[in-house]
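Topology and contacts: notes
So the chains spell out like this:
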Amino acid sequence: MPSFGPEERWRVTHLGRLMGHALRRFDERVLWLMAHSPHAPLVLSNLAARAQVGAAIVHITRHLPLGGARLTELAHSAGMSKQAMGDLVDQCVAWGLVRREPDPRDARARCIVFTPTGLDWLQAFRRAVEQAEQEFRAAVGDAVAAVVALGLEAYAEGDGAARAAPYNVAHRERTP
């Protein structure tokens, strides 16, 4: 690791870098827990154990609503291009996590939905996230963990627009 002098230490200790490192550490822990979970579908936990699972699983698992979403909605929710999300969806289709179905609102469009295997993965992911959060609380204490969670939530909401609906809920009508 390069050595930084006192006048440039800010480059390695600023909030953005710390949040990035914390996110990577958290995601690595969740994926490790998934790789060793008796609840995760075996094929997917084996892929996770061999470090074959990464962004595809995390982005799809975090951003795909249970009712499904169009590719453009999923990409927007994850902050990715439609093309990049399409590649991730293709990978998840190949793994049996999701499938494409006709959109009931528009026969020309397709919705991405979880498969039964994907729903099993989602439940195992939830358990892994809960355990990783418990480990975070144990490491920093309940009071600090609460302040961090509140601070990150407030910061992520930005101008308050996110208070109206969670960031991963599409703003669209459900009826044709």
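Here, every reference points to the structure presented above.
Described below are features of the structure shown in this document. These numbers come from a predicted model, not from an experiment. (Residues numbered from 1 in each chain as written. Predicted model: local features only at pLDDT ≥ 70, side-chain atom pairs only at ≥ 80, totals over all residues. Heavy atoms only, no water.)

Glancing now at the overall build of the chain. Of regular secondary structure, the chain possesses 8 helices and 3 strands. When the helices and strands of the chain are read in sequence order from the N terminus, they spell out α-α-α-α-β-α-α-β-β-α-α. Scored against the burial criterion, the 176 residues of the chain give a buried share of 34%. For the chain, the exposed area adds up to about 11300 Å²; of that, 58% sits on carbon and sulfur atoms. (Helix = DSSP H or I, 4+ residues; strand = E, 2+ residues; numbered from the N terminus. Buried < 20%, exposed > 50% of the residue type's maximum accessible area, 1.4 Å probe, protein only. Areas by Shrake-Rupley, 256 points an atom, 1.4 Å probe, with all protein chains shown as cover.)

Turning our attention to the side chain of T61. Considering the arrangement of structural elements, one finds T61 in helix α4 (residues 55-63). The class of T61 is buried, set by a relative accessible area of 6%. Looking at T61, its side chain comes within polar contact range of the side chain of W121, at 3.4 Å. Once residues lying within four places of it in the same chain are set aside, the contact partners of T61 are F114, W121, L122 and F125. (Polar contact = N/O pair within 3.5 Å; in protein donor to acceptor, adjacent residues only side chain to side chain. Contact = heavy atoms within 4.5 Å.)

Before going further, it helps to spend a moment on the sheet that holds strand β3 (residues 106-114). In space, the 3 strands of this open sheet follow the order β1-β3-β2, with antiparallel pairing throughout. Two strands in the sheet have a free side with no partner beyond their single neighbour: β1 (69-70) and β2 (98-103). Where β1 meets β3, 2 bridges bridge the pair, whose relative direction is antiparallel. Bridging across to β3, A69 finds its partner in I112. Here helix α6 (residues 82-95) sits on the sheet in contact with β2 and β3, set at roughly 115° to β2. (Pairing = 2+ DSSP bridges. Axes fitted to C-alpha atoms, helices over the stretch in contact; angles between N-to-C directions.)

Relative to β3, β2 is paired through 6 bridges, and the arrangement is antiparallel. Pairing of R100 across the sheet is with I112, part of β3. Once β2 ends, the chain turns through 2 residues before running back antiparallel as β3.

Now for a nonpolar patch on the surface. Nonpolar side chains collect at one region of the surface, where L15, M19, F136, V140, V144, V148, L152 and Y155 lie side by side and expose about 700 Å² of accessible area between them. Those elements giving two or more residues to the nonpolar patch turn out to be α2 (15-35), α7 (116-140) and α8 (142-157). Counting residues per element, the nonpolar patch draws most heavily on α8, at 4 residues. L152 sits in the partly exposed class, given a relative accessible area of 41%. (Patch = residues over 30% accessible without salt bridge, like charges linked within 9 Å, V, L, I, M, F, W, Y side chains within 5 Å. Salt bridge = Lys/Arg side-chain N within 4 Å of Asp/Glu carboxyl O.)

Following both chains from N to C, one finds α2 and α7 inclined at 125°, their axes separated by 9 Å at the closest point. The angle between the axes of α2 and α7 places the two elements in the oblique class. Relative to α7, α2 is oriented so that their crossing is right-handed. Each of F26, R29, V30, L33 and M34 in α2 lies in contact with α7, whose residues at this interface are W121, A124, F125, A128, V129, Q131, A132, E133 and E135. Within the contact of α2 with α7, the residues separate by chemical class into 10 nonpolar, 1 polar and 3 charged. (Parallel < 35°, antiparallel > 145°, perpendicular 65-115°, else oblique. Left-handed = near helix turned anticlockwise from the far one by under 90°. Nonpolar A, V, L, I, M, F, W, Y, C, P; charged D, E, K, R; others polar.)

Our focus in this paragraph is the nonpolar core. Counting residues in hydrophobic clusters, the biggest one holds 30 residues, and the most contacted among them are M34, I60, L64, M85, V89, L97 and V98. Counting residues per element, the ones that place at least two in this core are α2, α3 (42-49), α4, α5 (71-78), α6, β3 and α7. Of all the elements, α7 adds the most residues to this core, at 7 residues. Beyond its immediate sequence surroundings of up to four residues, V89 is in contact with I60, L71, L74, V98, R100 and I112. (Core = buried A, V, L, I, M, F, W, Y, C linked by side-chain atoms within 4.5 Å.)

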